[in-house]
Amino acid sequence: MTLRTATEVQANTWKQYNGNFALDFWGYVVIFPQFVFIVETEDKFTVWSFFFDYISMAESTEEDDSAYIIKDGDYVVLKRGDIYKAVQIQIKKKVMFEKQWLFLEKAVGQLYSTAFEVVSGGHLEPQKAKTTESSTDAQEAGSDNRNIVDDGKSQKLTRDDIETLKEQGLKGQEIIQQLIDNSSTFRDKTEFSQQKYIKKKKKKYESTITVLRPSCRILAMMYHGREPGKICHLRYDTLAQMLTLGNIHAGGKVLVFETCAGLVLGAVMERMGGYGKVVQMYPGDGPVQAGLESFGFPPHFHDTLHTFPIGHVNALLAGTLDTGPPKELAAVSSDASVPSKEGEEAGRTNADTGGDGSGEGEGKTEEVKMEITPAEVEQNEREKLKAIRLQERQDRMEVKRKKLAVAAALLEGKNADGLIIASRFHPSPVLLGLIKFLAPSRPFVVYSQYKEPLIECYTKLKENSNKEHCAVINLQLTDSWLRHYQVLPNRTHPVLQMSGGGGYLLSGTTVDMQYAKAATSSQQAVEQPPAKKLKLTGSEG
């Protein structure tokens with residue numbers, strides 16, 4: 001079947017066929033609202049197949065477009081200036097952002113990265129595109145600022161006047177214009193000073209919020225700006241280097257040990273795209289995945305995530321890890337299945353009283369019923385509630401045991417494709433324990449806010465490179481550095497406030513000891529100088 005566009009066919013050769021197809025000397029013509037396809041075949045079944053394939057393709061395109069539309073229940077990131085906050089869209093639920101209550105239901109149905117204005121009541125309205133230049137963009141400017149005195153008397157409007165303007169419903173741009181008109185020194189300032197003044201007032205009075213789609217970069221910037229201690233002061237450029245040096249890709253098996261609120265774990269899962277396996281090694285009683293929820297991954301992403309406690313690593317390596325049902329749980333379940341002595345006696349009493357249905361038996365039954373007190377009823381209810389809670393606890397422990405068994409099976413193969421470590425703990429014992437689960441020729445990356453722990457890891461890896469359980473090559477200890485620049489006409493310069501450091505990274509590659517020893521022995525053989533040849537002297541005959 002060959003397809004041709006409508007421009008390749010003369011329109012006067014077509015004959016309408018059933019409103020959808022036209023018959024010409026090539027075959028059927030499939031007509032759509034925007035496109036006309038010429039199908040070179042006389043088979044109507046082939047034409048209909050092509051028709052439905054095109055329709056399904058259009059529907060899939062619409063589904064892909066829906067991913068860029070804000071929906072109820074989505075996790076989004078609110079942005080105002082350089083301030084970010086991750087929230088969930090919920091109808092009729094208030095959200096606190098920058099000391100202001102907001103209702104986000106008006107954002108549903110809009111595209112991501114849409115800018116909204118906050119109106120009265122905390123509701124959002126999509127910001128209209130500016131078609132004309134604002135009056136604040138073009139103003140008379142002075143030559144310099146030498147005669148301007150900052151005595152606080154240049155502005156005629158008081159704080160009460162500004163609050164009155166807000167109560168009257170004036171928007172941020174209109175309030176800024178009022179401030180400019182009532183300033184006695186604005187026109188004497190230079191053009192650069194005027195723009196700086198307007199930018200400062202916009203930040204204070206214009207209430208504009210942008211709704212962004214969560215991503216690794218945006219969430220890393222959010223955490224680094226609001227709570228850097230929660231992510232061990234991990235900067236987004238350092239996180240990008242970790243994903244690159246760790247060779248994170250779809251279809252791999254990656255081990256992650258992090259105490260960065262789930263940010264590194266979410267970045268790894270985002271890079272893998274829902275394909276492969278991720279094993280999160282966690283300390284304590286349970287994994288911390290607060291930052292992972294902010295990514296808003298679909299359900300099939302979470303199917304690739306497995307968790308394993310770091311405290312069981314030594315038992316797994318020694319082969320003594322027991323993933324069967326615990327003995328305590330089995331004992332508790334057996335005790336719960338045995339009936340109590342009071343229940344047996346009550347059962348016997350009911351059996352005796354309800355035997356032949358005589359009047360005497362009925363009287364005894366009434367007496368037994370009359371003997372039940374409210375305290376006994378309350379006791380029975382407590383026992384039932386206790387049994388329900390016990391069953392729920394058993395179910396939770398069984399689910400936890402099955403997850404542990406699945407994660408242990410993934411680790412027992414010792415064929416992981418990558419290892420990422422970023423935690424507040426000392427990385428040396430963690431690295432030496434988890435590197436044993438990597439397959440040969442696989443990368444590993446360790447992040448630390450300070451270089452001294454990584455230097456110790458570097459030294460130990462070098463010392464243990466000749467042992468069977470740890471052989472690495474291409475060890476590199478690097479420092480990431482980032483600087484932002486202000487790019488404006490005639491005033492491009494580095495931003496005065498910048499991050500002092502982005503932490504340190506230790507990266508390397510594992511190797512197989514058999515090949516490593518063979519390569520070492522061959523290299524030593526090459527380095528040995530060849531034996532000198534003996535010089536023979538000729539004898540006279």
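Our subject in this report is the structure included herewith. These numbers were taken from a predicted model, which means no experiment stands behind them.

### Quick look at the environment of Lys 402
Take Lys 402: it is sitting in helix α14 (residues 374-412). Looking at Lys 402, the relative accessible area reads 48%, which means it is partly exposed. For Lys 402 and Thr 323, which are 79 residues apart along the polypeptide, the C-alpha to C-alpha distance reads 7.7 Å.

### Quick word on the side chain of Ser 423
Structurally, Ser 423 is set in the loop between β16 (418-422) and α15 (427-434). Within the local environment of Ser 423, its side chain forms a polar contact with the backbone nitrogen of Phe 425, the two atoms lying 3.4 Å apart. Every residue in contact with Ser 423, bar those within four places of it in the chain, is listed here: Cys 232, Phe 257, Thr 259 and Tyr 447.

### So, the environment of Gly 291
Tracing the backbone through its elements, the reader meets Gly 291 in helix α8 (residues 290-293). Residues Gly 291 and Leu 219, 72 residues apart in the sequence, show an inter-C-alpha distance of 8.2 Å. Ignoring sequence-local partners within four residues, the contact set of Gly 291 consists of Leu 219, Tyr 223, Ala 261 and Gly 262.

### Remarks on a negative patch on the surface
Together, Asp 160, Asp 161, Glu 163 and Glu 167 give the surface a local cluster of negative charge. Along the chain, the position of Glu 163 falls in helix α2 (residues 159-167). Overall, Glu 163 belongs to the partly exposed group, its relative accessible area being 37%.

### Here's the deal with unusual backbone geometry
Excluding glycine, residues mostly have negative phi values, and the peptide bonds linking residues are mostly trans. We note that Cys 232 has phi near 55°; this positive angle belongs to a residue other than glycine. Position of Cys 232 among the secondary structure elements: in the loop between α5 (216-226) and α6 (236-245). Even without a glycine there, the phi angle at Lys 414 is positive, about 50°. In this structure, Lys 414 sits in the loop between α14 and β16.

### Considering the sheet that holds strand β12 (residues 208-212)
One open sheet holds the five strands; their spatial order is β7-β6-β12-β10-β11, and the pairing between them is antiparallel. In this open sheet, the two strands that pair with only one neighbour each are β7 (83-88) and β11 (124-126). The average angle at which neighbouring strand axes cross in this sheet is 35°, direction not considered. In this sheet, β12 lies alongside strand β6 (residues 75-80) in antiparallel orientation, the contact comprising three bridges.

### Observations concerning the environment of Gly 251
Structurally, the position occupied by Gly 251 is in the loop between α6 and β13 (253-258). Separated by 23 residues in the primary sequence, Gly 251 and Gly 274 have C-alpha atoms spaced 8.4 Å apart. With residues up to four places along the chain from it excluded, the contact list for Gly 251 reads Tyr 275 and Gly 276.

### A word on the pattern of salt bridges
The final tally for this structure, using the stated rule, is seven salt bridges. Its salt-bridge partner being Lys 230, residue Glu 227 comes within 3.4 Å of it at the nearest N-O pair. Exposure remark for Glu 227: the relative accessible area of 36% places this residue in the partly exposed category. Across the pair Arg 382 and Glu 378 runs a salt bridge, and its minimum N-O distance is 3.1 Å.

### Side note on the side chain of Arg 80
Structurally, Arg 80 can be placed in strand β6. Although Arg 80 is buried, it forms no salt bridge, and the closest oppositely charged side chain is Glu 98 at an N-O distance of 5.4 Å. Excluding residues that lie within four positions of it along the chain, Arg 80 makes contacts with Phe 97, Glu 98, Gln 100, Val 118, Ser 207, Thr 208 and Ile 209.

### Concerning the nonpolar core
Within the largest apolar cluster, 38 residues are counted, with the highest numbers of intra-cluster contacts made by Met 242 and Val 264. Listed by contribution, the elements that provide at least two residues to this core are α5, α6, β13, α7 (263-272), β16 and β17 (443-448). Top contributing element to this core by residue count: α7, with seven residues.

### Some details on the packing of aromatic side chains
One pass over the structure, following the stated rule, counts four aromatic pairs. On the numbers, 4.9 Å between centres and 10° between planes, the contact of Phe 297 with Phe 301 is stacked. With respect to burial, Phe 297 and Phe 301 carry one shared label: buried. A connected cluster of aromatic rings, assembled from ring pairs, spans Phe 295, Phe 297 and Phe 301. The ring of Tyr 68 is capped by Arg 213, whose NZ or CZ atom sits 5.4 Å from the centre of that ring.

### A word on α7
Summarising burial for α7: eight of the ten residues are buried, a large majority. Those residues of α7 that sit buried are Leu 263, Val 264, Leu 265, Gly 266, Ala 267, Val 268, Met 269 and Met 272. Phi turns positive, to about 70°, at Gly 273, one or two residues after α7.

### Points about α6
Side chains three or four residues apart in an α-helix point the same way, a direct result of the helix having 3.6 residues per turn. Regarding α6, the residues found buried are Asp 237, Thr 238, Leu 239, Met 242 and Leu 243. On its buried side, α6 packs onto α5, α7, β16, β17 and β21 (504-510). Just past α6, the residue Asn 247 takes up positive phi, approximately 55°.

### A closer look at a positive patch on the surface
On the surface, Arg 159, Lys 166, Lys 196, Lys 200 and Lys 204 cluster together into a positively charged patch. Only α2 and α4 (191-205) provide two or more residues apiece to the positive patch. The element contributing the most residues to the positive patch is α4, with three residues. Relative to the elements of secondary structure, Lys 166 occurs in helix α2.

### So, the sheet that holds β17
Two orientations exist for strands paired in a sheet by backbone hydrogen bonds: parallel and antiparallel. The strand order across the open sheet formed by seven strands is β15-β14-β13-β16-β17-β21-β18, and the pairing between neighbours is mixed. Since the sheet does not close on itself, it has two edges, and those belong to β15 (305-309) and β18 (472-479), each with one partner. Taking each pair of neighbouring strands and ignoring which way they run, the sheet shows an average axis angle of 15°. The pairing of β17 with β21 spans six bridges and is antiparallel. Counterpart to Tyr 447 in the pairing with β21 is Leu 505. Contacts from α15 reach β13, β14 (277-282), β16, β17 and β21, with the element oriented near 165° to β16.

Rules and cut-offs
Residues numbered from 1 in each chain as written. Predicted model: local features only at pLDDT ≥ 70, side-chain atom pairs only at ≥ 80, totals over all residues. Heavy atoms only, no water. Helix = DSSP H or I, 4+ residues; strand = E, 2+ residues; numbered from the N terminus. Buried < 20%, exposed > 50% of the residue type's maximum accessible area, 1.4 Å probe, protein only. Polar contact = N/O pair within 3.5 Å; in protein donor to acceptor, adjacent residues only side chain to side chain. Contact = heavy atoms within 4.5 Å. Patch = residues over 30% accessible without salt bridge, like charges linked within 9 Å, V, L, I, M, F, W, Y side chains within 5 Å. Areas by Shrake-Rupley, 256 points an atom, 1.4 Å probe, with all protein chains shown as cover. Salt bridge = Lys/Arg side-chain N within 4 Å of Asp/Glu carboxyl O. Lys, Arg positive; Asp, Glu negative; His and termini not counted. Charge placed at Lys NZ, Arg CZ, Asp CG, Glu CD. Pairing = 2+ DSSP bridges. Axes fitted to C-alpha atoms, helices over the stretch in contact; angles between N-to-C directions. Core = buried A, V, L, I, M, F, W, Y, C linked by side-chain atoms within 4.5 Å. Phe/Tyr/Trp six-rings, centres within 6.5 Å; stacked < 30°, edge-to-face > 60°. Lys NZ or Arg CZ within 6 Å of the ring centre and 35° of its normal.

Coordinates in, geometry out; function isn't part of it.
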